[in-house]
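Read off the chains here:
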Amino acid sequence: MIVLSTLPDIVKIGVALLLIVGAVIDLRTHRIPNALTFGGALAGLLVNLGLSRDAGLLTSTTGWLVGVLLLAIPFMMRGIGGGDVKLLAAAGAWGGPLFALYAVFFGALAGSVVAVGFLVARGEVGLAIRPIVRIVRWRLALALTGVVSESQTRILVPKGAAQTVSPMKTYFPFGPALAIGGLITLFLR
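Read on for a plain summary of the structure. All values derive from a computational prediction rather than experimental measurement.

### Focus on a nonpolar patch on the surface
Working step 1: Taken together, the side chains of Val116, Val120, Val125, Ile129 and Val133 define a hydrophobic patch exposed on the protein surface, amounting to about 400 Å² of accessible area.
Working step 2: Every element with two or more residues in the nonpolar patch is listed here: helix H4 (97–121) and helix H5 (125–145).
Working step 3: If you tally residues by element for the nonpolar patch, the top one is H5, at 3 residues.
Working step 4: Mapped onto the fold, Val125 is located in helix H5.
Working step 5: Classification of Val125 by relative accessible area gives partly exposed; the value is 36%.

Pasting the structure below:
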């Protein structure tokens, strides 16, 4: 099985191009096309198969599978789109399972920084944390006054707290964060 430190140059170039193109398309259209993700996965499989035969086939298929599994739960919770899952899977088909793991790790870090930057730039940091502060303050006050037991404070929600929570109105593309994570993974080896 190919490990990160021994990725051939053609694999590094292929996965970098795949991620960069996917990020650019995601930024422009808010979608990552199946032709790119499935075509990219097939190309990664063929390149790895040509380079290492059975080991390449194993690297590519396990990389694809790990890419899907790593983002399956965020996808099912509607935190990310299907294109993001398929982009990571295609990158995994190129770089293998360890590459997919590191790419999603560094991508999540990059995405967090960008998301906080969006909140700061839009002046919405207070809006994002206000519901949490209200619930914590309410539960603390109830626990200190002894009006309600600690077990009851876990169930109760302050009146009006549900109205303060609203979904973000801004679409946040995860494709660019995955691309950053993948590129960081390639440069760190």
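So much for the structure itself; the text now carries on.
### Concerning the environment of Gly63
Working step 1: Take Gly63: it is sitting in helix H2 (residues 34–76).
Working step 2: Placed 33 residues apart in sequence, Gly63 and Gly96 show a C-alpha to C-alpha distance of 3.9 Å.
Working step 3: Those residues in contact with Gly63, other than ones at most four positions away along the chain, are Ala89, Gly92, Ala93, Gly96, Pro97 and Ala100.

### Focus: the packing of helix H1 (residues 9–29) against H2
Helix-helix packing is described using two parameters, namely the angle between the two axes and the distance between the axes.
Working step 1: At a minimum axis distance of 11 Å, the contact between H1 and H2 shows a crossing angle of 175°. Considering their axes alone, H1 and H2 lie roughly antiparallel with respect to each other. Seen from H1, the contacting residues are Ile10, Val11, Leu18, Val21, Gly22 and Ile25; seen from H2, they are Leu36, Gly40, Val47, Asn48 and Leu51.

How each quantity is defined
- Residues numbered from 1 in each chain as written.
- Predicted model: local features only at pLDDT ≥ 70, side-chain atom pairs only at ≥ 80, totals over all residues.
- Heavy atoms only, no water.
- Patch = residues over 30% accessible without salt bridge, like charges linked within 9 Å, V, L, I, M, F, W, Y side chains within 5 Å.
- Areas by Shrake-Rupley, 256 points an atom, 1.4 Å probe, with all protein chains shown as cover.
- Salt bridge = Lys/Arg side-chain N within 4 Å of Asp/Glu carboxyl O.
- Helix = DSSP H or I, 4+ residues; strand = E, 2+ residues; numbered from the N terminus.
- Buried < 20%, exposed > 50% of the residue type's maximum accessible area, 1.4 Å probe, protein only.
- Contact = heavy atoms within 4.5 Å.
- Axes fitted to C-alpha atoms, helices over the stretch in contact; angles between N-to-C directions.
- Parallel < 35°, antiparallel > 145°, perpendicular 65-115°, else oblique.

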